[in-house]
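Letter by letter, the chains look like this.
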Amino acid sequence: MIVHPLTDDDLANRSDLLTRDDVELLVRSFYRYAAMDELLGPIFAAAHVAWDDHVATLTDFWAWQLLGERGYTGQPLRAHEPVQARTPFADAHYERWLDLFVSTVDEHFVGDIAELAKHRATKMASALRKLLNGEHGAANEPIELTFATSPAAPCASAPTTYGGKHGR
Ligand code: HEM
């Protein structure tokens, strides 16, 4: 796993994740690391990921999760079923994905929304693991989502599920 050591200056200059540009920076940085990672890289390579499309989709996804912006209309957990059919996910993959995501958030951001990003990622990694391991009902587990009217109150959230269509 590649993680940049943070200097005191880096740490002092971080702020919270507040705009769509911030979300895109997080997404681009994370997938740059993921693509180069010795464990995760081969999964993305086998899936022939179109990176520009993937970054755009994931920016929509996280902008929805963290800023309450509507736009993402996919099925974030079920979308992994064909990926996992090609290259089975092991516990080490989920752990690496989460370690990398948390270190990327920490590398760039600090604050409530940065914490929310790590919390959401942890919940979804756990739901994804259950779904792909065939634990019944995992895709329909209610997990809170933001739909924030105010980034100041990111936890005032509407329950929904990760299994179905959403957006509009
Ligand atoms: C073992 C961990 C994971 C691996 C290896 C993985 C890998 C992948 C791959 C290969 C794709 C397909 C990309 C494409 O075809 O363009 C994908 C899509 C996606 N992943 Fe993951 N992923 C993991 C965990 C997660 C987690 C925990 C989340 C959420 C926090 C997540 C969110 C998404 C989303 C939103 C998409 C796009 C779905 C769509 O097309 O609408 N992934 N992932």
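In this numbering scheme, every chain counts its residues from 1 along its sequence in written order. Whole-chain, interface and lining totals are the exception, using all residues; otherwise, since this is a predicted model, local features are given only for residues with pLDDT of at least 70 and side-chain atom pairs are given and counted only at 80 or more. Neither water nor hydrogens contribute to the side-chain values; these are computed over all heavy atoms in the structure.

J.: Quick one: what's the story with the coordination of the iron atom of the ligand, residue by residue and with numbers?
T.: Donor criterion used throughout: N, O or S atom within 2.8 Å of the metal, extended to 3.2 Å for Na, K and Ca. Water excluded; incomplete-looking sites may result. Its sole protein donor being His-80 (NE2), the iron atom of the ligand sits 2.0 Å from that atom. Each helix is a run of H or I in the DSSP string that is no shorter than four residues. Each strand is a run of E no shorter than two, and both are numbered from the N terminus. Here His-80 lies in the loop between α4 (51–67) and α5 (81–86).

J.: Give a detailed account of unusual backbone geometry, specifying residues and quantitative values.
T.: Here His-48, not a glycine, exhibits a phi torsion of approximately 50°, which is positive. With respect to the element layout, His-48 can be found in the loop between α3 (41–46) and α4. Exposure classes here rest on a 1.4 Å probe applied to the protein chains alone. A residue is buried below 20% of its type maximum, exposed above 50%, and partly exposed in between. The exposed category is assigned to His-48, whose relative accessible area is 70%.

J.: Please give an account of the environment of Leu-39 that cites residues and values.
T.: In this structure, Leu-39 sits in the loop between α2 (20–36) and α3. Its relative accessible area of 27% is what places Leu-39 among the partly exposed residues. For the pair Leu-39 and His-93, spaced 54 residues apart in sequence, the C-alpha to C-alpha distance is 6.7 Å.

J.: Hey, could you go over the packing of α2 against α4 for me, with residue numbers and the actual values?
T.: Lines fitted to C-alpha atoms define the axes here, with helix axes fitted over just the stretch in contact, and angles between the N-to-C directions of these axes take values from 0 to 180 degrees. Where α2 meets α4, the axes come as close as 9 Å, and the angle between the chain directions of the two elements is 130°. Here α2 is positioned oblique relative to α4, judged by the angle of their axes. In this structure, α2 crosses over α4, and the sense of that crossing is right-handed. Only Trp-51, His-54, Val-55, Leu-58, Thr-59, Asp-60, Trp-62, Ala-63 and Leu-67 of α4 make contact with α2, whose side of the interface consists of Arg-20, Val-23, Glu-24, Val-27, Arg-28, Tyr-31 and Ala-35. Under the grouping applied here, Gly and all other residues not named as nonpolar or charged are polar, the nonpolar ones being Ala, Val, Leu, Ile, Met, Phe, Trp, Tyr, Cys and Pro and the charged ones Asp, Glu, Lys and Arg. Looking at the contact of α2 with α4 residue by residue, the classes come out as ten nonpolar, two polar and four charged. Every angle not falling under 35 degrees, over 145, or within 65 to 115 is termed oblique; those three ranges are roughly parallel, roughly antiparallel and roughly perpendicular. A clockwise turn of the near helix away from the far one marks a right-handed crossing, whereas an anticlockwise turn of less than a right angle marks a left-handed crossing. Contacts between residues were defined by any pair of non-hydrogen atoms, one from each residue, lying within 4.5 Å.

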